[in-house]
Amino acid sequence: MKKIFIVFFIGFFYPAVYAQEIYTPRPQASFVTKFPFKQYSGGVMVVMATLNDIPDTLNFILDTGSGGISLDSATCAQHNLVPKASDTLVTGMGSSRKARFLYKQTLHFPGLSIPDLDFHVNDYDILTSVYGEKIDGIIGYSFFRQFIVKIDFDTLELQVYKPGEIKYPRQGSLLRPAFTALPIQNATVKDARKIDFPFYFDTGAGLCFLMSEDFAKDSAILSKKRKLVRTQAEGMGGKLQMDITVVKTLQVGNYKFRNVPTYIFRDYYNVTSYPFVGGLIGNDLLRRFNLIINYPQREIHLQPNTHYLDPFDYAYTGMATYFSDGKIFVEDIVPGSPADKAGLKPDDILISVGNNFSNNIMQYKTILQNSTEKLTLIIRRDGEMKQLYIKPLSIL
């Protein structure tokens, strides 16, 4: 009887000990470093870092919509970095191609070095021309999966923590997205009808909201009264034609936005993974929150910041501008658009917008995207200066 009792006694207590081991509190998240970031048009974030022992500072877009980490092919050539071919297929908006890789690289931020990173190599010349500054790469999942990252859009500062228990601010909304290599968050969209559907949480997208054309059609989400306007966008694979409109409301977590500018994207390569995902929520909306992005715990915390009530951009010009060889060129003019009616032509060199002669493409974009008043443009065409007038339309 004693033996039976002892065996029963041990068996009875063993699960209790095992359960205590499971629920032992995890270590607290510990602060590693902090550093600033720059913000470009549409809320896109750019952080600066160095690679290996190369002294030059490189510019990287911080992108939750990227499933890895990447480097520009021109940056590789400049620093004699030779990528290796692979059978891995990289798909982005506008293209799909086999990737080349730089293996076992080390990325250095202020106060933080991350070794053993495998960079896929891509051509980001189009991004450099859009932002007017060299874009050397994109930082995504390979970085976020290792840390808890706090992003403060009020101070333009990023803080990095080692994974562990973290106390979120009492104010705000805690999201628990589904995760592949990318966070996928349910959002509620309402226009002709109301639907709750998964969308990518994408800090690398310089827009508010995007739906794939297939999702928009199948869900019949858009009111028949909505006017779709053709516009130009840029993606990893180059220039893209999209339509832009608005949706009546978009709710993410506890936060509801009205009359949200919305892109409709013809997704030839099924980048949006429809019918599983309907599109993406971009950083022109997400920048209105200070974010805590916690991949290790599959959580994202949103807290409204001073930009929460910023007005949306409804201005439409129907043209694109690109920076090249120290000049800002007008391209991709949509027939019948305000740019077309103003008399602008491809390859016109933009000298000024309004009273701004800075030759800064980001400043020019900001003026054009935030006005429906008539603006004076000075351009150079075939060596001659011309003065034109453009009145952006509102898509609202």
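The structure presented is a predicted model; accordingly, all values stated were derived computationally and were not measured.

**Student:** Just to check I follow, could you spell out the nonpolar core for this structure?
**Tutor:** Side chains that are nonpolar tend, in soluble globular proteins, to be buried together. With 84 residues, the main nonpolar core has Leu107, Phe109, Phe143, Ile151, Phe209 and Met211 as its most contacted residues. For this core, the leading source of residues is strand β18 (residues 238-252), giving seven residues. Once you skip the residues sitting within four places of it in the chain, Phe143 turns out to touch Leu62, Phe109, Leu112, Ile114, Val149 and Val160. Judged by nonpolar contacts, the second largest core, of 31 residues, contains Tyr124, Leu127, Ala339 and Leu344.

**Student:** Would you mind showing me how to read helix α8 (residues 361-369) here?
**Tutor:** Note on helix geometry: an α-helix contains 3.6 residues per turn, so any two residues three or four positions apart are oriented the same way. Those residues of α8 that sit buried are Ile361, Met362, Tyr364, Lys365 and Leu368. One side of α8 carries all its buried residues, which in axial view fall inside an arc of 160°. At the N-terminal end of α8, a side-chain oxygen is found 2.9 Å from the backbone nitrogen of Met362, two or three residues along, and the residue is Asn360.

**Student:** Hey, could you run me through unusual backbone geometry in this one?
**Tutor:** Leaving glycine aside, a negative phi is the common case for residues, and trans is the common case for peptide bonds. A cis amide bond links Tyr274 with the next residue in sequence, Pro275, at an omega value of 15°. Take Pro275: it is sitting in the loop between β19 (255-265) and β20 (279-281). Positive phi values are uncommon outside glycine, yet Ala220 reaches one of about 50°. Tracing the backbone shows Ala220 in the loop between α5 (213-219) and β17 (229-235).

**Student:** Would you explain the environment of Thr376 in this entry?
**Tutor:** Within the secondary structure layout, Thr376 lies in strand β27 (residues 375-381). Placed 21 residues apart in sequence, Thr376 and Asn355 show a C-alpha to C-alpha distance of 7.9 Å. Setting aside its immediate chain neighbours within four residues, Thr376 contacts Ser352, Val353, Gly354, Gln387, Leu388 and Tyr389.

**Student:** I would appreciate a short explanation of the sheet that holds strand β22 (residues 299-304) in the present structure.
**Tutor:** Through backbone hydrogen bonds, the strands of a sheet pair up, either in parallel or in antiparallel fashion. Pairing is antiparallel across the open sheet formed by six strands, whose spatial order is β1-β11-β10-β21-β22-β12. Across the chains shown, the open sheet's two edge strands, defined by having one partner strand only, are β1 (30-36) and β12 (173-175). Averaged over all neighbouring strand pairs, the angle between strand axes comes to 15°, with direction disregarded. Examined bridge by bridge, strand β10 (residues 148-152) and strand β11 (residues 157-162) share five bridges and lie antiparallel to one another. Along β11, the bridge assignment pairs Lys150 with Gln159.

**Student:** Even after reading the chapter, I still don't get a positive patch on the surface, so can you show me in this structure?
**Tutor:** On the surface, Lys190, Lys194, Lys248, Lys256 and Arg258 cluster together into a positively charged patch. Tracing the sequence through the fold places Lys194 in strand β15 (residues 194-201). Note on Lys194: relative accessible area 59%, which makes it exposed.

**Student:** I would appreciate a short explanation of the pattern of salt bridges in the present structure.
**Tutor:** Two side chains with opposite charge may pair up if their charged atoms get near one another. Per the stated rule, a full pass over the model turns up 10 salt bridges. Between Arg176 and Glu299 there is a salt bridge whose closest N-O contact spans 3.7 Å. Of this pair, Arg176 sits in the loop between β12 and β13 (178-179) while Glu299 is found in strand β22, placing the two residues 123 residues apart along the sequence. Exposure remark for Arg176: the relative accessible area of 60% places this residue in the exposed category.

**Student:** Can you help me understand the confidence of the model for the protein in this one?
**Tutor:** Regions with low pLDDT should not have their predicted coordinates read in detail. Within the protein, residue pLDDT values average 89, and 90% of them lie at 70 or more. Here residues 1-20 is a poorly scored stretch, pLDDT under 50, and it has zero contacts once near neighbours within four places are set aside; other chains count.

Basis of the calculations
Residues numbered from 1 in each chain as written. Predicted model: local features only at pLDDT ≥ 70, side-chain atom pairs only at ≥ 80, totals over all residues. Heavy atoms only, no water. Core = buried A, V, L, I, M, F, W, Y, C linked by side-chain atoms within 4.5 Å. Buried < 20%, exposed > 50% of the residue type's maximum accessible area, 1.4 Å probe, protein only. Helix = DSSP H or I, 4+ residues; strand = E, 2+ residues; numbered from the N terminus. Contact = heavy atoms within 4.5 Å. Arc of directions from axis to C-beta. Polar contact = N/O pair within 3.5 Å; in protein donor to acceptor, adjacent residues only side chain to side chain. Pairing = 2+ DSSP bridges. Axes fitted to C-alpha atoms, helices over the stretch in contact; angles between N-to-C directions. Patch = residues over 30% accessible without salt bridge, like charges linked within 9 Å, V, L, I, M, F, W, Y side chains within 5 Å. Areas by Shrake-Rupley, 256 points an atom, 1.4 Å probe, with all protein chains shown as cover. Salt bridge = Lys/Arg side-chain N within 4 Å of Asp/Glu carboxyl O. Lys, Arg positive; Asp, Glu negative; His and termini not counted. Charge placed at Lys NZ, Arg CZ, Asp CG, Glu CD. pLDDT = per-residue confidence, 0-100.

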